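Residue strings, one per chain:
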Amino acid sequence: MSTQLVNPIKNGTIRKSDKWGEGAFGAARGSRKHNGLDISATNGQDILSPINGKVTRKSFPYANDLSYTGIVIKGTGVHATISIKIFYMTPLASVIGSDVIAGEKTGIAQDLTRKYPGMTNHIHLEVKKNNSLVDPKSMLPGII
Ligand SMILES: [Zn+2]
């Protein structure tokens, strides 16, 4: 069986089209393509770890706006081939540098609509398997 992820948002669904784009992997982002999957989230909602791993660091999706943050998780055990980035969430201070298990709370969702009015609020989930980007949807059975 191929490796599966825990949905970082309980019962979370893929961000559908809004005035800024849509959440699917490979969707247009100007001249580039979206390299992750956006999962709709309410500001303040719990963000769960998709895998067993170690939160190696806090990340900053925008060099010019450090109010937006995220985490990088390096998989361990059954998830050792996987690494994950989650953006637009405030990590719990206790998880940075710590081991987490799939389904464990790692932080809370942020408010992206402050930067992008009219956007569906969401977290960005980026997954690499053996150092290659994959469509996270393929590892989240049942997500719509
Ligand atoms: Zn995204």
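Everything below is about the structure printed above this text.
Residues numbered from 1 in each chain as written. Predicted model: local features only at pLDDT ≥ 70, side-chain atom pairs only at ≥ 80, totals over all residues. Heavy atoms only, no water.

(A) Local environment of the overall build of the protein. Across its full length, the protein carries zero helices and twelve strands. From first element to last, N terminus to C terminus, the protein shows the α and β order β-β-β-β-β-β-β-β-β-β-β-β. Against the 2.2 N^0.38 benchmark of 15 Å for 144 residues, the protein shows a C-alpha radius of gyration of 14 Å, consistent with a compact globule. Over its C-alpha atoms, taken along the principal directions, the protein stretches across nearly 40 × 35 × 25 Å. Counting the 144 residues in the protein, one finds 44% classified as buried. Pairs at least 24 residues apart make up 64% of the contacts formed inside the protein by residues separated by at least 6 positions. When the accessible surface of the protein is split by element, carbon and sulfur atoms take 53% of a total near 7300 Å². (Helix = DSSP H or I, 4+ residues; strand = E, 2+ residues; numbered from the N terminus. Rg over C-alpha atoms; globule rule 2.2 N^0.38 Å. Buried < 20%, exposed > 50% of the residue type's maximum accessible area, 1.4 Å probe, protein only. Contact = heavy atoms within 4.5 Å. Areas by Shrake-Rupley, 256 points an atom, 1.4 Å probe, with all protein chains shown as cover.)

(B) Quick peek at the coordination of the zinc ion. The protein atoms donating to the zinc ion are H34 (NE2), D38 (OD) and H124 (ND1), with metal-donor distances spanning 2.0 to 2.1 Å. The sequence pattern formed by the donor residues of the zinc ion is H-x3-D-x85-H. (Donors = N, O, S within 2.8 Å, 3.2 Å for Na, K, Ca; no water.)

(C) Representation of the sheet that holds strand 8 (residues 89-91) in the model. The three strands are arranged 4-10-8 in an open sheet whose pairing can be described as antiparallel. If you trace the sheet from one side to the other, it starts and ends with strand 4 (46-48) and strand 8, each paired once. If you compare each strand with its neighbour and ignore which way they point, the axes differ by 40 degrees on average. Across three bridges, strand 4 lies against strand 10 (residues 105-109) in antiparallel orientation. By the bridge assignment, L48 is partnered in strand 10 with K105. (Pairing = 2+ DSSP bridges. Axes fitted to C-alpha atoms, helices over the stretch in contact; angles between N-to-C directions.)

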